[in-house]
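# Coordinate analysis (summary)
So you can see what is in the structure, the chains are spelled out below.
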Amino acid sequence: DTWLNTGGMGAVSPVPFENNEFLQKVEETIVQPTIHVIQSRGLDYKGFIFIGLMVVEGKPYVLEYNVRMGDPETEVVIPRLASDLVELLEATRDGQLADKTIAIDPRTCATVMLVSGGYPQAYEKGKVMTGWEQTNDSILFHAGTKSVDQKVATNGGRVLAITSFGDSILEAVQQSLENAA
């Protein structure tokens with residue numbers, strides 16, 4: 001609470017404190033009550049509900065609800081999805097999601113954000129970015145970029161998310177950092 005708000009600067013999936021007991025707490029104290037309120041109000045909601053959580057002494061608290069996936073969380077959740085996202089979305093639209101099996105890649109996924117100099121205050125724009133051909137085993141998600149003379153240049157604060165898989169958080173983060181360099 002003493003520094004500037006930067007937005008999400010990275011994410012990991014799964015989080016290290018995830019276990020069956022914690023997931024059951026989230027299900028019982030947050031997910032089920034949320035669904036109950038939606039249903040009790042007669043809302044025919046179909047889509048994402050992203051629930052941002054804070055964990056204090058093992059207890060989950062809701063920080064925010066979004067009706068979309070957040071950034072940079074999306075960059076670690078969607079790559080772990082082994083099922084066809086379009087099929088899942090169509091099944092949601094058609095009320096048949098319960099008939100689907102959702103497969104998740106068991107590996108850890110981590111994303112690291114690259115930001116423009118000066119971010120989160122006045123940041124630089126128009127800096128040409130290079131090195132794409134030197135990256136491997138990572139997924140690069142553009143955020144604040146634009147095309148300038150057929151080259152990629154910075155055009156925002158949070159410029160690029162570099163997402164990698166690993167058998168641990170450390171391994172996944174190291175891969176992202178290697179490609180960031």
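To be clear, the structure that these remarks concern was listed above.
The following paragraphs examine the structure supplied in this document. (Residues numbered from 1 in each chain as written. Predicted model: local features only at pLDDT ≥ 70, side-chain atom pairs only at ≥ 80, totals over all residues. Heavy atoms only, no water.)

### Comments concerning the pairing of strand β8 (residues 158-166)
For β8, the tally of buried residues reaches 7 of 9 residues, placing the bulk of the element in the interior. Inspection of the sheet shows strand β5 (residues 139-142) paired to β8 by 4 bridges, in the antiparallel sense. Within β8, the position partnered with leucine 140 by the bridge is isoleucine 162. (Buried < 20%, exposed > 50% of the residue type's maximum accessible area, 1.4 Å probe, protein only. Helix = DSSP H or I, 4+ residues; strand = E, 2+ residues; numbered from the N terminus. Pairing = 2+ DSSP bridges.)

### Some remarks on the environment of leucine 85
In this fold, leucine 85 is placed in helix α3 (residues 85-93). Taking the C-alpha atoms as reference, leucine 85 lies 9.3 Å from isoleucine 102; in sequence the two are 17 residues apart.

### Remarks on the sheet that holds strand β4 (residues 108-115)
Paired through backbone hydrogen bonds, the strands of a sheet run either parallel or antiparallel to each other. Judged by pairing direction, the sheet is antiparallel, and its 4 strands sit side by side in the order β1-β4-β8-β5 without closing on themselves. Strands with a single pairing partner mark the edges of an open sheet, and in this sheet they are β1 (10-13) and β5. Going across the sheet, the axis of each strand differs from the next one's by a mean of 15 degrees, ignoring polarity. (Axes fitted to C-alpha atoms, helices over the stretch in contact; angles between N-to-C directions.)

Function cannot be read off these values alone, since they describe shape.
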